Amino acid sequence: MRPFVRIVSTLLGLAFAAAGALLALEVGWHWWRPAAGPLVVPWPRWQAELTALGWDAYAVRVGAAVLAAAGLVLLVCALAAGSRAIRLTDPADEVSVSTSPRSLARLVGLTVRAQDNVAGATVTASARRVRVRAKSTLETEGELRPRLLATVSALLDEVPLVRRPKVSVVVDSPKDRRR
């Protein structure tokens with residue numbers, strides 16, 4: 001959801017910048033040549049059409065409904081893209097501590113990669129789950145997985161997390177493919 005919010009906010013920012021530049025261009029043109037018509041946007045025609053339109057017109061109601069729906073969609077997207085921080089236990093009453101999922105994944109990844117017979121590992125972490133995908137050329141999944149699961153569990157026991165995430169470990173091994 002965060003990439004969607006970033007794209008939408010970028011597009012809205014660009015649209016407002018373009019509208020501001022167009023308005024500045026139109027105002028500059030009107031100051032330079034007040035007797036001439038508008039440069040790009042037909043303001044006088046739009047003004048004449050809008051003065052004939054009342055607040056109870058169907059077009060006004062549809063426009064208001066579309067704007068309200070778009071605002072609700074943007075609000076829901078912004079709320080869903082909230083902070084993904086992982087809470088740690090508070091060291092004092094007035095102090096709150098959190099870490100990012102990337103930091104926790106980095107910590108777990110360094111620990112997993114330091115184990116024997118691990119050729120590489122990718123780790124994704126959230127407040128609810130830590131996923132480890134390790135590669136080994138010398139051990140099978142049945143041999144390496146329990147050891148890595150115990151190592152990651154011991155590490156997460158040492159980290160002062162408010163809520164302990166579930167751990168899943170998958171090992172890719174060429175030895176498993178040969179069988």
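Structure report, in brief. (Residues numbered from 1 in each chain as written. Predicted model: local features only at pLDDT ≥ 70, side-chain atom pairs only at ≥ 80, totals over all residues. Heavy atoms only, no water.)

At their nearest, the axes of helix H1 (residues 2-32) and helix H3 (residues 58-80) sit 9 Å apart, and the two run at 135° to each other. By the angle class used here, H1 and H3 are oblique. Seen along the crossing, H1 lies across H3 with a hand that is left-handed. Seen from H1, the contacting residues are Phe-4, Val-5, Val-8 and Leu-12; seen from H3, they are Leu-74, Cys-77 and Ala-78. (Axes fitted to C-alpha atoms, helices over the stretch in contact; angles between N-to-C directions. Helix = DSSP H or I, 4+ residues; strand = E, 2+ residues; numbered from the N terminus. Parallel < 35°, antiparallel > 145°, perpendicular 65-115°, else oblique. Left-handed = near helix turned anticlockwise from the far one by under 90°. Contact = heavy atoms within 4.5 Å.)

Below, the discussion takes up a positive patch on the surface. Together, Arg-128, Arg-129, Arg-131, Arg-163 and Lys-166 make up a region of like positive charge exposed at the surface. By secondary structure assignment, the location of Arg-131 is in strand E4 (residues 129-135). (Patch = residues over 30% accessible without salt bridge, like charges linked within 9 Å, V, L, I, M, F, W, Y side chains within 5 Å. Areas by Shrake-Rupley, 256 points an atom, 1.4 Å probe, with all protein chains shown as cover. Salt bridge = Lys/Arg side-chain N within 4 Å of Asp/Glu carboxyl O. Lys, Arg positive; Asp, Glu negative; His and termini not counted. Charge placed at Lys NZ, Arg CZ, Asp CG, Glu CD.)

With 22 residues, the main nonpolar core has Val-108, Val-112, Val-130, Val-132 and Leu-148 as its most contacted residues. Within the residue set of this core, elements represented by two or more residues are strand E1 (86-92), helix H4 (101-113), strand E3 (120-125), E4, helix H5 (141-158) and strand E5 (166-172). Among the elements that line this core, the one with the most residues is H5, at five residues. Excluding anything up to four places from it in sequence, Val-130 contacts Leu-104, Val-108, Val-123, Thr-124, Ala-125, Leu-156, Pro-165, Lys-166, Val-167 and Ser-168. (Core = buried A, V, L, I, M, F, W, Y, C linked by side-chain atoms within 4.5 Å. Buried < 20%, exposed > 50% of the residue type's maximum accessible area, 1.4 Å probe, protein only.)

With that out of the way, let us pick up H5. Compared with an ideal rise of 1.5 Å per residue, which puts 18 residues at 26 Å, H5 spans 25 Å between its outermost C-alpha atoms and is within 8% of the ideal. Turning to H5, its buried residues number three or more, namely Leu-144, Leu-148, Thr-151, Val-152, Leu-155 and Leu-156. The buried residues of H5 all sit within an arc of 130° when viewed along its axis, so they share a single face. H5 presents Gly-142 and Asp-157 as exposed residues on the side facing more than 90 degrees away from its buried surface. (Expected span 1.5 Å × (residues − 1). Arc of directions from axis to C-beta.)

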